[in-house]
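Residue-level listing of the chains:
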Amino acid sequence: MHEELKGRNFELVAVAQDTGGEAAAGPFYDAAKATFTALVDPRHTVSALFHLVNVPSAVMIDEEGRIVRLDEGTYTRTYSAGNLTYGTDAYVPALRDWVEKGSTSSVAKDPDEVAAALPRRSREQDLADAHFRLGVYFQLAGDEGRATRHWEEAQRLHPESWNYHRQDWSFTPEQAGPNWLRKVQAQGDKPYYAPMDLPEAPADEPPR
């Protein structure tokens, strides 16, 4: 998408949320042969600032620095894994429409609408964020025991944040898959990603 749209006043900035730093995130950027701006955020500053609880998520920001969309599950198409379906074929056409039409695009929201849609954080979520940040601090300082304790408390206080779970599990990769599957199954009918209010993708849209 970056290669297609980069000459049309569009810039893609990818920010990997990983306390493992470049050693963990760098190989993915290298394998993708990324031509866009590729950053690593070991302290999860971006997730905290934009209230993001899962990856991938996207923040659309216009030329004036205004946020016009905050979306989770921003894959380029629909994917399936067992009984789980995620992503949507509508996101890429929506992105193209926004790049072409800007503020007149039907997918661009008024900044006040974006702000109003942000969930109000509870005391437990604020405490969870504090514990998660402490976990990051101790992990970067090499104290894995304290890091794990704070991450576990963050997950207990705010179990809806997949980012908290993902970061903790990333240091035990042999358990990450089973842990993820158990949590997905425990979700029941609750969606893995928050649904996006997007126009349906045209069925016969040609590739670009």
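See above for the structure.
So, here is what we can say about the structure in this document. Every value quoted in this text rests on a predicted model; they were computed, and no experiment measured them.

Regarding its fold elements, the chain presents 9 helices and 6 strands. Against the compact-globule benchmark of 17 Å for 208 residues, the chain has a radius of gyration of 18 Å, which places it among compact chains. Expressed as lengths along the three principal axes of its C-alpha atoms, the size of the chain is roughly 50 × 35 × 35 Å. The buried share among the 208 residues of the chain stands at 35%. Of the contacts formed within the chain by residues at least 6 apart in sequence, a portion of 56% connects residues at least 24 apart. Carbon and sulfur atoms make up 52% of the accessible area of the chain, which amounts to about 12,500 Å² in all.

Right, let's talk about the layout of surface pockets for a bit. Of the volumes computed, that of the second largest pocket is approximately 870 Å³. Considering the residues around the second largest pocket, the lining is formed by 39 residues, among which H51, V53, E72, P119 and A194 are closest to the centre. Looking at the lining of the second largest pocket, the elements with two or more residues in it are α3 (45-50), β4 (67-72), α5 (111-117), α6 (123-140) and α8 (162-169). Residues belonging to the lining of the second largest pocket are distributed by class as follows: 18 nonpolar, 9 polar and 12 charged.

Another point: the packing of α6 against helix α7 (residues 144-157). Across the interface, α6 lies against α7 with an axial gap of 7 Å and an inter-helix angle of 160 degrees. Judged by the inter-axis angle, α6 sits roughly antiparallel to α7. For the element pair α6 and α7, the recorded crossing hand is left-handed. Between α6 and α7, the contacting residues are E124, L127, A128, H131, F132, L134, G135, V136, F138 and Q139 on the first element and E144, R146, A147, H150, W151, E153, A154 and L157 on the second. Grouping the constituent residues of the contact of α6 with α7 by class yields 10 nonpolar, 4 polar and 4 charged.

This part takes up the nonpolar core. With 14 residues, the main nonpolar core has M60, L95, W98, V99 and L198 as its most contacted residues. Every element with two or more residues in this core is listed here: β3 (57-61) and α4 (91-101). Broken down by element, the residue count for this core peaks at 5 residues, all from α4. With near-sequence residues (within four places) excluded, L95 lies in contact with M1, L5, F10 and M60.

Further remarks concern unusual backbone geometry. Between V55 and the following residue, P56, the backbone shows a cis peptide bond with an omega angle of -5 degrees. Counting through the fold element by element, P56 comes out in the loop between α3 and β3. Positioned with a positive phi, K33 is a non-glycine residue whose angle comes to about 50 degrees. The phi dihedral of H44 falls on the positive side, at around 60 degrees, and the residue is not glycine. Structurally, H44 can be placed in the loop between β2 (37-40) and α3. Using a relative accessible area of 5% as the deciding quantity, one classes H44 as buried.

The rules behind each value
- Residues numbered from 1 in each chain as written.
- Predicted model: local features only at pLDDT ≥ 70, side-chain atom pairs only at ≥ 80, totals over all residues.
- Heavy atoms only, no water.
- Helix = DSSP H or I, 4+ residues; strand = E, 2+ residues; numbered from the N terminus.
- Rg over C-alpha atoms; globule rule 2.2 N^0.38 Å.
- Buried < 20%, exposed > 50% of the residue type's maximum accessible area, 1.4 Å probe, protein only.
- Contact = heavy atoms within 4.5 Å.
- Areas by Shrake-Rupley, 256 points an atom, 1.4 Å probe, with all protein chains shown as cover.
- 1 Å grid on protein atoms, 1.4 Å probe; cavity = no way out; pocket = protein on both sides within 12 Å on 5 of 7 lines; lining within 4 Å.
- Points joined across faces, edges and corners; volume = space filled by probe spheres on them.
- Nonpolar A, V, L, I, M, F, W, Y, C, P; charged D, E, K, R; others polar.
- Axes fitted to C-alpha atoms, helices over the stretch in contact; angles between N-to-C directions.
- Parallel < 35°, antiparallel > 145°, perpendicular 65-115°, else oblique.
- Left-handed = near helix turned anticlockwise from the far one by under 90°.
- Core = buried A, V, L, I, M, F, W, Y, C linked by side-chain atoms within 4.5 Å.

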